[in-house]
Amino acid sequence: MSLQDELTAVQHCLDDLVRTVGRLERSLAQLRETDSAPEPLAPDGHADPVDGVITITEAPYDTALWTDSDDEGLGVRGRHAP
């Protein structure tokens, strides 16, 4: 490779770097705008979980959720563990 070819290759790499940095700057600006926006609400009116954290309320659960369920490995209702 001649010196001119190497300089051309370096210039192409620098141009790619400038384009990539520009895209990153635009992405960061969009993320900053999104971060300052109000937190979206889920259909039930509660905030969506942030970073996988789910808040559990102190309200009692609906007992219908537990109908026909087994007790943590103890088997069928009405039976007792040995």
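Our structure is the block above this text.
Residues numbered from 1 in each chain as written. Predicted model: local features only at pLDDT ≥ 70, side-chain atom pairs only at ≥ 80, totals over all residues. Heavy atoms only, no water.

## Remarks on the overall build of the protein
Heads up, the rule is: Runs of H or I in DSSP of at least four residues are treated as helices and runs of E of at least two as strands, each being numbered from the N terminus. For each residue, the accessible area found with a 1.4 Å probe, counting protein chains only, is set against the maximum for its type, and the residue is called buried under 20%, exposed over 50%, and partly exposed in between. Calculation of accessible area relied on Shrake-Rupley with a 1.4 Å probe; when residues are assessed, cover is drawn exclusively from the protein chains displayed.
The secondary structure content of the protein amounts to one helix and zero strands. Across the 82 residues in the protein, those meeting the buried criterion constitute 2%. Taken as a whole, the protein presents about 8,000 Å² of accessible surface, with 59% of it coming from carbon and sulfur.

## Describing the pattern of salt bridges
Inclusion rule: The term salt bridge refers to a pairing of a side-chain nitrogen on Lys or Arg with a carboxyl oxygen on Asp or Glu at a separation within 4 Å.
Taken as a whole, this structure holds one salt bridge when the rule is applied. One salt bridge in this structure joins R19 and D16, with 2.1 Å as the shortest N-O distance. Highlighted residues: R19 and D16, both in helix α1 (residues 3-36), separated by three residues, approximately one helical turn. Judged by relative accessible area, which is 47%, R19 ranks as partly exposed.

## Describing a nonpolar patch on the surface
Stated precisely, the cut-off is as follows: Patches here: salt-bridge-free residues with over 30% relative accessible area, like charges joined within 9 Å, nonpolar side chains (Val, Leu, Ile, Met, Phe, Trp, Tyr) joined within 5 Å.
Side chains of I54, I56, Y61, L65 and W66 sit close together on the surface and give an oily, nonpolar patch of about 630 Å² of accessible area. Inspection of the secondary structure assignment puts Y61 in the segment after α1.

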